[in-house]
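Descriptive analysis of the structure
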Amino acid sequence: MNAVGDAFDWVIHGGEVFTEGALQRCDVGIRGGRIAALAERIDGGLQRFDAAGRWLLPGGVDAHVHIDQPPNPGSAARGAEMADNFESGTRSAAFGGTTTVLSFAPQFKGRSLQSALDEYHARAHGNAYVDHGVHAIVSDPTPDVLERELPGLAQQGCTSVKIYLTYEALRLSDRQVLDVLDACRQAGLLTMVHAENLDCILWLTERLERAGLTHPRYHEVSRPMLVEREATYRAIALAELVETPILIVHVGAGEAIEVIAQARQRGLPIHAETCPQYLFLSSDDLHGDEGAKCMCSPPPRAKENAPSVWAGLNQRSLSLVSSDHAPYRFDETGKLKYGPRASFRFIANGIPGLETRMPLMFSEGVVAGRLSLADFVELCCTAPAQLYGLHPRKGEIALGADADLVAWDPAHQVRLTNAMLHHNVDYTPYAGMDITGWPMQVWVRGVLTCDAGRLVVPRGGGQFLQRERSAAVPHPDALPRRKWEP
Ligand code: URP
Ligand code: ZN
Ligand code: ZN
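Every value quoted in this text rests on a predicted model; they were computed, and no experiment measured them. (Residues numbered from 1 in each chain as written. Chains lettered and ligands numbered in written order. Predicted model: local features only at pLDDT ≥ 70, side-chain atom pairs only at ≥ 80, totals over all residues. Heavy atoms only, no water.)

Across the sheet, which stays open at both edges, the 4 strands sit in the order E6-E5-E2-E8 with mixed pairing between neighbours. Both outer strands of the open sheet, strand E6 (34–39) and strand E8 (47–50), are each paired with one neighbouring strand and no more. The average undirected angle you get between the axes of adjacent strands in this sheet is 20 degrees. Bridge count for strand E2 (residues 10–13) against E8 is 4 bridges, and the pairing is parallel. Within E8, the residue paired with Val-11 across the bridge is Arg-48. (Pairing = 2+ DSSP bridges. Helix = DSSP H or I, 4+ residues; strand = E, 2+ residues; numbered from the N terminus. Axes fitted to C-alpha atoms, helices over the stretch in contact; angles between N-to-C directions.)

All right, on to the packing of aromatic side chains then. Taken as a whole, this structure holds 11 aromatic pairs when the rule is applied. Relative to Trp-408, the ring of Phe-362 has its centre 4.6 Å away and its plane inclined at 15 degrees; by these criteria the two rings are stacked. Of this pair, Phe-362 sits in helix H11 (residues 357–367) while Trp-408 sits in strand E18 (residues 405–415); the two residues are 46 residues apart in sequence, bridging distant segments of the chain. The pair Phe-362 / Trp-408 is uniform in exposure class, with both members buried. The rings of Trp-55, Phe-362, Phe-376 and Trp-408 are connected pair by pair, giving a single aromatic cluster. Stacked on the ring of Trp-203, the Lys or Arg Arg-207 has its end atom at 3.9 Å from the ring centre. (Phe/Tyr/Trp six-rings, centres within 6.5 Å; stacked < 30°, edge-to-face > 60°. Buried < 20%, exposed > 50% of the residue type's maximum accessible area, 1.4 Å probe, protein only. Lys NZ or Arg CZ within 6 Å of the ring centre and 35° of its normal.)

Right, let's get into the sheet that holds strand E3 (residues 16–19). In space, the 7 strands of this open sheet follow the order E4-E3-E9-E18-E19-E20-E21, with mixed pairing throughout. Of all strands in the sheet, those bounded by a partner on one side alone are strand E4 (22–25) and strand E21 (454–455). Bridge count between strand E19 (residues 434–444) and strand E20 (residues 447–451): 4 bridges; the pairing is antiparallel. In the strand pairing of E20, Val-442 is matched with Cys-450. Each of E3, E4, strand E9 (55–58) and E18 touches helix H12 (residues 373–387); the most contacted strand, E9, lies at about 35 degrees to it. (Contact = heavy atoms within 4.5 Å.)

Bridging between E3 and E9 involves 2 bridges; their strand directions are parallel. Bridge pairing in E9 places Val-17 opposite Leu-56. In the sheet, E9 pairs with E18 via 4 bridges, with the strands oriented antiparallel. Paired with Pro-58 across the bridge in E18 is Leu-405.

Around the zinc ion (ligand 3), the protein contributes the donor atoms His-64 (NE2), His-66 (NE2) and Asp-324 (OD), at 1.9 to 2.1 Å from the metal centre. What the 4 donor atoms of the zinc ion (ligand 3) show is an angle range of 89 to 126 degrees at the metal, which sorts the shape as tetrahedral. Each donor residue of the zinc ion (ligand 3) belongs to the same chain, with the gaps between them written as H-x1-H-x257-D. Here the zinc ion (ligand 3) and the zinc ion (ligand 2) are spaced 4.0 Å apart. (Donors = N, O, S within 2.8 Å, 3.2 Å for Na, K, Ca; no water. Tetrahedral: all angles 85-135°; square planar, octahedral: opposite > 155°, others 65-115°.)

In structure tokens, the structure reads:
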């Protein structure tokens, strides 16, 4: 089939396009920011791009990033400043082939969810290069939050919340978790859970500190797998009690993946995300003078754990891959805020990874033969869009979808250095890794944004996304009555 090209803003021709689950030789016509035609040959077009030798894939959807979050002393940040604002964070997203990011609006205790969302918009508005949406972090589930704010959240385009079972400033009790899960169920919201057992962590940390074992490598010792496994199991049990889906974020431990797989086998609507750090870093990286650079929670595990994470992806116990980009510099504004020899307890948790997520997964997944190209697209683009209420607009190359497109050179070889990245962090934990395959051109809603290493638009083109209900969440009108309900 041929299409007439004059009506198109862009025609991308001569490439192989990932559509309907496979790479196919076809041209793409873009009009008004959307994919308007997919045809064997499209002539004309106001602008044309010759994609010969390129694979045209959907823009990445990174559903878990921390950008320009206000510091909160008892949280993962430990009072450190985030190095990325929406300009640098989304610039780095675009260069890495990610065209949609979902970031967080953290509620501070004693404050409303609305104040958190207002702060998010003030920071993001007019600054982003890629489209962005927001999850609310619930740290203080007061009656007003449960009865008024959560039910109103979806109308503001925010259809997911994150809760924590760890961090003193954020941890909810089991009773509070039940309340939030129930309110989210009624409101049609997806609840994301950070599953680590705070009391176990504090108990172990106290003992490690008393023994003088405060180096970053003890961060992992203070959070052994069972800390993640127990909290994962508990989160699943609480969700089962409430009869509502949850999505467990940044799952890295094989033991936690096993618990998730068992729950899914029982038919429970449990979803889980992993991140590149659980595939490409290990607890060995926490050793040495720069161990703090790889400190995140949950921590990277022993090298032998990584195959369980690949297996979890292949079997879909893990449904999506996000970066959990948490941009702290390796200086006194970030990781070293309390000095170069501070106890691991005072070091900001989190690592940068927004720009490297897609290239790492492409290279180590697709090129290395651990994932098919269809797996890669599903895990990094389509599933996050579906789970967070953005599909079919995002996550797929299909007629009518947003023209968020990435032209990959599947053979381009790169040795990663921090200097080649576009975030504002002064390091990447992946420096020195050899990557095959690179995103060369990136279109955000039909606007060419990155072209062979150059940024070709001003900031501000990225739009706030009013998200729909997650595909994993039932409509509130269709909820079954629970045994104990009148
Ligand atoms: O260590 C991490 N993961 N930092 C970011 C905050 C979070 O809990 O996701
Ligand atoms: Zn978390
Ligand atoms: Zn996070």
